[in-house]
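Here's the letter readout for the chains.
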Amino acid sequence: MVDLLGVLRRQLGMDFAWMSRLEGDRSVLQACHGDGAGFGLGPGSVTVWPEGEPTPTRPSCVPDTRMDPLASRLAVVAALGIGAYAVAPIHTDSGEIYGTVGCLAHDPRPDLDARHAQILTMVADLLGVSVRDLHQMWERSSHRWQAVRRVLDNGGPSLVYQPIFDLRTGATAGVEALSRFPTSATDPEQWFAHAASVGLGIELELAAVRKALPVLRRGPPSARLAVNVSPSTLVGGLIDLLITSAAHADLSRLVVEITEHESNFEDPAVLQAARELRNLGARIAVDDIGTGYSGLQRLVNLRPEVIKVDRCLIHGINTDPVRRATAIALVYIGQEIDSSIIAEGIETSAELAAVQNAGICYGQGHLLARPNIQPIFR
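None of these values were measured; they are calculated from a predicted model.

Chemist: Sorry, what's going on with the environment of glycine 38 here?
Modeler: Relative to the elements of secondary structure, glycine 38 occurs in helix H2 (residues 36-39). The partly exposed category is assigned to glycine 38, whose relative accessible area is 39%. Sequence separation between glycine 38 and aspartate 3 is 35 residues; the distance between their C-alpha atoms is 20 Å. Glycine 38 has contacts with Leu80 and His106, leaving out every residue within four places of it along the chain.

Put into C-alpha cells, the structure is as follows:
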C-alpha cells in the first residue's frame, strides 16, 4: 500500500501522498509516502478534508490553490502550506466512501491535468480492492479471535486421552492429551493455527496443557502423560507453568511433544527451553517423524527421549518395503540416542504386526484404543 502511494506521488510529481479512512466527520490518515513532516502529517493524523465541505465524490486536481476559488479560502491550505493537491474517493463494495487517497505539493503544479486525475482514479480503484481484502481479512480474524476467546473463557479446549501401549506387554505406557473444540467442521490443528494467527496460539496451548496436568496424579507411576506444544509455547510460558505446577505433579511422568508447525528448531531460545524442561524432569518427544526434513532437523537439534513415527509412515507399512526400511532405520537411530519409538496411527492387525517386526516397542492407534474422555490405564 505504501509502495503504491509512492508510485502515485512520483507519477503526479508531488511531495506527499496519503490514504485516509473516514470515521464520521473525521479523516484519519492510515498510510503515507513522502514529506509528511513538511506538512505536519503522518499516520494517525486527523483532518477534515476539505474543511467544511463534503468528502469528494470524484477525483479532483487543483494545480494552484491560490488560483482556485474554493482551495484559496480553506484554512487548512494555508496552515499546511499546500500549493497544489489531488484527491479521490476510495469506495467499498457497496459503493460507500471508505476514505480518500491523494497527493500534496508545497508549490503549485501547473501541469496537473485530466491525465493525472485518471492515474489517481486507477490508484483509488486499486486501493479499494486492497481495502475490501483487508476488510475481509479483518472479518475472518475477528471471527477467529472471538471463537478462540470463547474457548479460553470457558477454561480451554475439551480434552480426550488416547492410550499409548507397550507392544511387548500390552500394558498402558501412557496417554496423550488431545484437544477437541466445539465444532467438528474445523479440526484441532486448524483451531491452533487460527489461534496463532490472531495472537492467541500460546494462550490456547497453555490452557490445554494446564487442563491435562492433573492426569499426572493418576494411573501407575510408570505411565506417562504426553502433551503437545509448539516451539513458541515452549519458550513463551510453558516453563513457568510447569514450575508453578511442580509442587502438585510429578513432572518426571510428563512428556512434552514439540510439534513441527514451526521451523525454528535451531533457535537458541528453543534449545535453552528444552534444557530447562529436562532440568524439571520432563521428557521431550518429537512427533510426525517420517514426514520430511524438519523431522530430522528436530532429531538432530533436540535429541528427544521419545520419537513418534507419523501415521503416514505406518499406513501400509505391512506391504511397503520402503516404509518398513524407514521404520527399522528409526529404531536404529533411537537405540543410538537412547530414545523410545512410538508408532502412531496403527489401524490394522497387519500394520501392528509389521510395526512389531520392525522392532518398535510402543504404539497407539484406533486398532489399540480410541481416545477417551477419561484417561484409561490397564
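Chemist: Would you mind showing me how to read the packing of helix H7 (residues 231-245) against helix H8 (residues 268-279) here?
Modeler: Axes are the key here: two packed helices are described by the angle between their axes and the distance separating the axes. Relative to each other, H7 and H8 sit at 30°, their axes nearing to 9 Å. With respect to their mutual orientation, H7 and H8 come out roughly parallel. When you trace H7 past H8, the crossing you get is left-handed. Residues Pro231, Leu234, Val235, Leu238, Ile239 and Leu242 of H7 pack against Ala269, Val270, Ala273, Ala274, Glu276 and Leu277 of H8. Grouping the amino acids of the contact of H7 with H8 by side-chain chemistry returns eleven nonpolar, no polar and one charged.

Chemist: How do you make sense of the pattern of salt bridges when you look at a structure like this?
Modeler: Should the charged atoms of two oppositely charged side chains come close, the side chains can pair. Evaluation of the coordinates by the stated rule reveals twelve salt bridges. Two residues, glutamate 347 and arginine 311, come together in a salt bridge whose shortest N-O distance is 3.3 Å. Of this pair, glutamate 347 sits in the loop between strand S13 (340-343) and helix H12 (349-357) while arginine 311 sits in helix H10 (residues 311-314), and the two are 36 residues apart along the sequence. Judged by its relative accessible area of 43%, glutamate 347 is partly exposed. Linking arginine 311 and glutamate 351 is a salt bridge whose minimum nitrogen-to-oxygen distance equals 3.3 Å. On the criterion of sequence distance, the pair formed by arginine 311 in helix H10 and glutamate 351 in helix H12 is long-range, its members being 40 residues apart. Exposure remark for glutamate 351: the relative accessible area of 3% places this residue in the buried category. Shared partners join several salt bridges into a network, and the residues in it are Glu176, Glu257, Lys308 and Glu344.

Calculation criteria
Residues numbered from 1 in each chain as written. Predicted model: local features only at pLDDT ≥ 70, side-chain atom pairs only at ≥ 80, totals over all residues. Heavy atoms only, no water. Helix = DSSP H or I, 4+ residues; strand = E, 2+ residues; numbered from the N terminus. Buried < 20%, exposed > 50% of the residue type's maximum accessible area, 1.4 Å probe, protein only. Contact = heavy atoms within 4.5 Å. Axes fitted to C-alpha atoms, helices over the stretch in contact; angles between N-to-C directions. Parallel < 35°, antiparallel > 145°, perpendicular 65-115°, else oblique. Left-handed = near helix turned anticlockwise from the far one by under 90°. Nonpolar A, V, L, I, M, F, W, Y, C, P; charged D, E, K, R; others polar. Salt bridge = Lys/Arg side-chain N within 4 Å of Asp/Glu carboxyl O.

Everything listed here is a matter of geometry and, on its own, says nothing about what the molecule does.
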